[in-house]
Amino acid sequence: MALTREEREQFLAEPHVAALAVNAGTGRAPLTVPIWYQYEPGGEVWIMTGADSRKNELIQPAGRFSLMVDRLDPTIRYVSVEGPVVRTAPATIELLRELAARYLPAEKVDGYVDFAWKNHGEQVVVHMRPERWVSSDLGQV
């Protein structure tokens, strides 16, 4: 059964690891990789990635990407969202901290942020405006 707008937005706002997919060019399947993301209902989705990463190198010319998140318990539920890139900007340590705090236990955030900021190279934040949604709750199997 398809989710309501409120249900799908709330589900996407939860801290799931997403599968990001972006066109990889002629003769190639889409690049599909796991990624952390941030979303608040009614807003834009954003991801953080290396400025020189394959993800960013494909997202920029494609001008759009999709994310899919799912869970298996207590019911099988998924949300997929796709849309255009609306802006890309340099990452900040504050945004890195926000993203890390979404996924990591509080006591791990500072150490991760310190390591990532020093070792992951130049990062960018890519914002996507949700345009197309696919969602379902398949119930319990």
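Residues numbered from 1 in each chain as written. Predicted model: local features only at pLDDT ≥ 70, side-chain atom pairs only at ≥ 80, totals over all residues. Heavy atoms only, no water.

A. Structural detail: the overall build of the chain. A count of helices and strands for the chain gives four helices and eight strands. Against the globule reference of 14 Å for 141 residues, the chain gives a C-alpha radius of gyration of 15 Å, in line with a compact fold. Residue burial in the chain is summarised as follows: out of 141 residues, 43% are buried. Surface exposure of the chain reaches about 7900 Å², of which carbon and sulfur atoms provide 53%. With 15 positive and 19 negative side-chain charges, the chain shows a spacing of 4 Å between the two charge centroids. (Helix = DSSP H or I, 4+ residues; strand = E, 2+ residues; numbered from the N terminus. Rg over C-alpha atoms; globule rule 2.2 N^0.38 Å. Buried < 20%, exposed > 50% of the residue type's maximum accessible area, 1.4 Å probe, protein only. Areas by Shrake-Rupley, 256 points an atom, 1.4 Å probe, with all protein chains shown as cover. Lys, Arg positive; Asp, Glu negative; His and termini not counted. Charge placed at Lys NZ, Arg CZ, Asp CG, Glu CD.)

B. Geometry of the packing of aromatic side chains. Applying the stated criterion across every chain, the model contains three aromatic pairs. A ring pair is formed by Trp36 and Tyr103, whose centres lie 4.8 Å apart and whose planes are at 5 degrees; its orientation type is stacked. Placement of Trp36 in the loop between β2 (31-35) and β3 (38-39) and of Tyr103 in helix α3 (residues 93-103) is noted, with a sequence separation of 67 residues between them. Measuring from centroid to centroid gives 5.5 Å for Trp36 and Tyr112, while their planes differ by 50 degrees, and the two rings are tilted. Separated by 76 residues along the polypeptide, Trp36 in the loop between β2 and β3 and Tyr112 in helix α4 (residues 106-119) bring together distant segments of the chain. Overall, Trp36 belongs to the partly exposed group, its relative accessible area being 24%. By the ring-pair criterion, three or more aromatic residues cluster together here, those being Trp36, Tyr103 and Tyr112. The lysine or arginine in question, Arg102, covers the ring of Tyr37, its NZ or CZ lying 4.7 Å from the ring centre. (Phe/Tyr/Trp six-rings, centres within 6.5 Å; stacked < 30°, edge-to-face > 60°. Lys NZ or Arg CZ within 6 Å of the ring centre and 35° of its normal.)

C. Broad picture of the layout of surface pockets. Space inside the largest pocket adds up to approximately 230 Å³. Forming the walls of the largest pocket are 13 residues, and the residues nearest its centre are Met48, Thr49, Tyr112, His120 and Gln123. For the lining of the largest pocket, the elements supplying multiple residues, two or more each, are β4 (45-50), α3 and α4. Each residue belonging to the lining of the largest pocket can be placed in one class, and the counts come to eight nonpolar, four polar and one charged. (1 Å grid on protein atoms, 1.4 Å probe; cavity = no way out; pocket = protein on both sides within 12 Å on 5 of 7 lines; lining within 4 Å. Points joined across faces, edges and corners; volume = space filled by probe spheres on them. Nonpolar A, V, L, I, M, F, W, Y, C, P; charged D, E, K, R; others polar.)

D. Region of the structure containing the side chain of Gln38. Checked against the element boundaries, Gln38 lands in strand β3. You can call Gln38 buried: its relative accessible area is 10%. Here the side chain of Gln38 touches Glu98 through a polar contact of 2.9 Å, side chain to side chain. Among all residues touching Gln38, those that are not within four sequence positions of it are Glu44, Val45, Trp46, Glu98, Leu99 and Arg102. (Polar contact = N/O pair within 3.5 Å; in protein donor to acceptor, adjacent residues only side chain to side chain. Contact = heavy atoms within 4.5 Å.)

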